[in-house]
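Residue-level structural notes
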Amino acid sequence: MSNQVIVFTEKEMPKVLNFYEEDKITRNAPGVIFAAKTADTSITAYRSGKVLFQGGGAEREAARWSTSSTPAVANAKSSGTKGDILPEKFAVMSVLGSDETGTGDFFGPITVAACYISSEKIELVRELGVKDSKQLTDTYMQQIAGDLKQVVPHCVLTLDNTKYNEIQSKGWSQGKIKAILHNQALQQVLDQIKPEYPEYILIDQFAERKVYYNHLKNEPAIVQDKVLFSTKAENLHVSVATASILARVAFLEQMDQLSVTAGVTLPKGAGPRVDQVACQIIRKKGEPFLQSITKAHFANTQKALKLVYKK
Ligand code: MG
């Protein structure tokens with residue numbers, strides 16, 4: 001559940017009210033000039049020009065109306081979204097989105113996915129189960145990923161631990177690694193959908209635009225046209241939400257495989273449980289093996305080694 005508030009001018013307000021006219025309900029409260037209820041969002045408009053969006057779809061609905069003339073001030077306040085201001089009705093446009101997973105996990109790869117969802121497919125993708133990201137469990141995402149892959153152009157890249165450790169030890173930051181993977185995934189989807197080009201490309205922001213493009217300066221092809229950045233982008237367009245699911249599912253698949261290889265269920269994250277399991281693995285299979293399934297530069301390696309020599 002979240003609350004989003006956008007302040008509209010007198011000129012803009014009728015557009016908003018018209019849009020929700022079919023879902024109109026009666027609400028007799030002070031200052032309320034209009035109220036509506038859709039499947040997942042309550043919309044309340046006040047005489048002051050404020051419109052309150054509440055419920056599971058609040059961020060999406062608010063994003064629909066975030067324009068330069070109605071900056072999502074309250075949006076930024078309540079959800080902490082940072083980045084470019086998105087055009088009006090962004091949520092219903094044809095957008096190529098990208099997101100990554102695994103950057104904070106000691107065990108397992110980094111996975112990046114990009115996914116193009118044209119406006120006419122948005123409803124279908126929602127029906128297939130892409131909803132508020134907070135409602136998505138790992139099991140649920142694994143269930144819907146197959147169907148999603150059938151219907152939307154996408155690309156999923158997995159950077160395994162050996163390759164990750166190799167480039168990391170050459171001095172590549174995670175930011176650079178992510179930028180290059182996002183760019184490659186986006187480029188691959190653009191190649192798939194040619195000659196069509198998305199109305200916009202939205203990257204779940206992990207770096208400022210300048211920093212992002214600086215990382216890409218030696219890349220053979222750089223995706224730049226119509227690119228927007230925002231944090232929490234999975235709530236702003238279903239393409240990023242879907243990319244996020246596909247990246248996560250690819251990560252989980254790898255984790256399952258690596259768990260089999262390691263002979264133990266590998267925990268996610270980088271906490272104390274991770275150190276303990278890493279310690280067990282060093283004892284059973286040695287440190288080089290541990291390296292081959294982890295982001296070896298994380299502090300967990302040293303912590304696990306300490307645990308090994310403690311006993
Ligand atoms: Mg992200």
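Only a predicted model underlies this, so the values are computations on that prediction, with no experimental measurement involved. (Residues numbered from 1 in each chain as written. Predicted model: local features only at pLDDT ≥ 70, side-chain atom pairs only at ≥ 80, totals over all residues. Heavy atoms only, no water.)

Our focus in this paragraph is the overall build of the chain. From N to C terminus, the chain includes twelve helices and ten strands. Looking at the chain as a whole, 54% of its 311 residues qualify as buried. When contacts within the chain are restricted to residue pairs at least 6 apart in sequence, those whose partners lie at least 24 apart make up 70%. Here the chain has roughly 14800 Å² of accessible surface; of this, 51% comes from carbon and sulfur atoms. Across the chain, 38 positive and 33 negative side-chain charges occur, with their mean positions spaced 8 Å apart. (Helix = DSSP H or I, 4+ residues; strand = E, 2+ residues; numbered from the N terminus. Buried < 20%, exposed > 50% of the residue type's maximum accessible area, 1.4 Å probe, protein only. Contact = heavy atoms within 4.5 Å. Areas by Shrake-Rupley, 256 points an atom, 1.4 Å probe, with all protein chains shown as cover. Lys, Arg positive; Asp, Glu negative; His and termini not counted. Charge placed at Lys NZ, Arg CZ, Asp CG, Glu CD.)

Right, let's talk about the pattern of salt bridges for a bit. It is possible for side chains bearing opposite charge to pair when their charged atoms get close. The tally for this structure, following the rule as stated, stands at nine salt bridges. Taking the shortest distance from any N to any O, the salt bridge between Arg 60 and Asp 40 comes out at 2.9 Å. Of this pair, Arg 60 sits in helix H2 (residues 58–65) while Asp 40 sits in the loop between strand S3 (32–37) and strand S4 (42–46), placing them 20 residues apart in sequence. By relative accessible area, Arg 60 is classed as buried at 16%. For Asp 40, a relative accessible area of 31% puts it in the partly exposed group. The partner of Arg 64 in a salt bridge is Glu 61, with the nearest N and O atoms 2.7 Å apart. Placement of the pair is Arg 64 and Glu 61 together in helix H2, with a separation of three residues, close to one helical turn. Side by side, Arg 64 and Glu 61 carry an identical accessibility label, which is buried. A single network of salt bridges, built from pairs that share partners, joins Asp 40, Arg 60, Glu 61 and Arg 64. (Salt bridge = Lys/Arg side-chain N within 4 Å of Asp/Glu carboxyl O.)

A few words on the coordination of the magnesium ion. Distances from the magnesium ion to its protein donors, Asp 99 (OD) and Asp 204 (OD), fall at 2.1 Å. Of this pair, Asp 99 sits in strand S6 (residues 95–101) while Asp 204 is found in strand S9 (residues 200–204), placing the two residues 105 residues apart along the sequence. Overall, Asp 99 belongs to the buried group, its relative accessible area being 6%. (Donors = N, O, S within 2.8 Å, 3.2 Å for Na, K, Ca; no water.)

Attention now moves to the domain arrangement of the chain. Domain parsing of the chain yields domain 1 (3–64), domain 2 (90–257) and domain 3 (262–310). Taken over C-alpha atoms, the centre of domain 1 sits 31 Å from the centre of domain 2. The contact between domain 1 and domain 2 buries some 600 Å² in all, and 49% of this surface belongs to carbon and sulfur atoms. Per-residue buried area on domain 1 facing domain 2 is highest for Glu 59, Arg 60 and Arg 64; these three make up 70% of the total on that side. (Domains from an automatic or database assignment. Buried area = accessible area lost by both parts, 1.4 Å probe.)

Moving on: the sheet that holds strand S5 (residues 50–55). Each strand in a sheet pairs with another by means of backbone hydrogen bonds, the pair being arranged parallel or else antiparallel. If you trace the five strands from one edge of the open sheet to the other, you get S1-S5-S4-S3-S2, paired in antiparallel fashion. Every other strand in the sheet has two partners, leaving strand S1 (2–7) and strand S2 (24–25) as the edge strands with one partner each. Relative to S5, S4 is paired through four bridges, and the arrangement is antiparallel. Its bridge partner lying in S5, Thr 44 is registered against Leu 52. (Pairing = 2+ DSSP bridges.)

For Lys 295, the location among the structural elements is in the loop between helix H11 (287–292) and helix H12 (300–310). According to the relative accessible area criterion, Lys 295 is buried, its value standing at 0%. For the pair Lys 295 and Phe 107, spaced 188 residues apart in sequence, the C-alpha separation works out to 6.4 Å. Setting aside its immediate chain neighbours within four residues, Lys 295 contacts Gly 102, Thr 103, Asp 105, Phe 106, Phe 107, Gly 108, Pro 109, Ile 110, Asn 161, Tyr 164, Asn 165 and Gln 174. A polar side-chain atom of Lys 295 sits 2.5 Å from the main-chain carbonyl oxygen of Asp 105. (Polar contact = N/O pair within 3.5 Å; in protein donor to acceptor, adjacent residues only side chain to side chain.)

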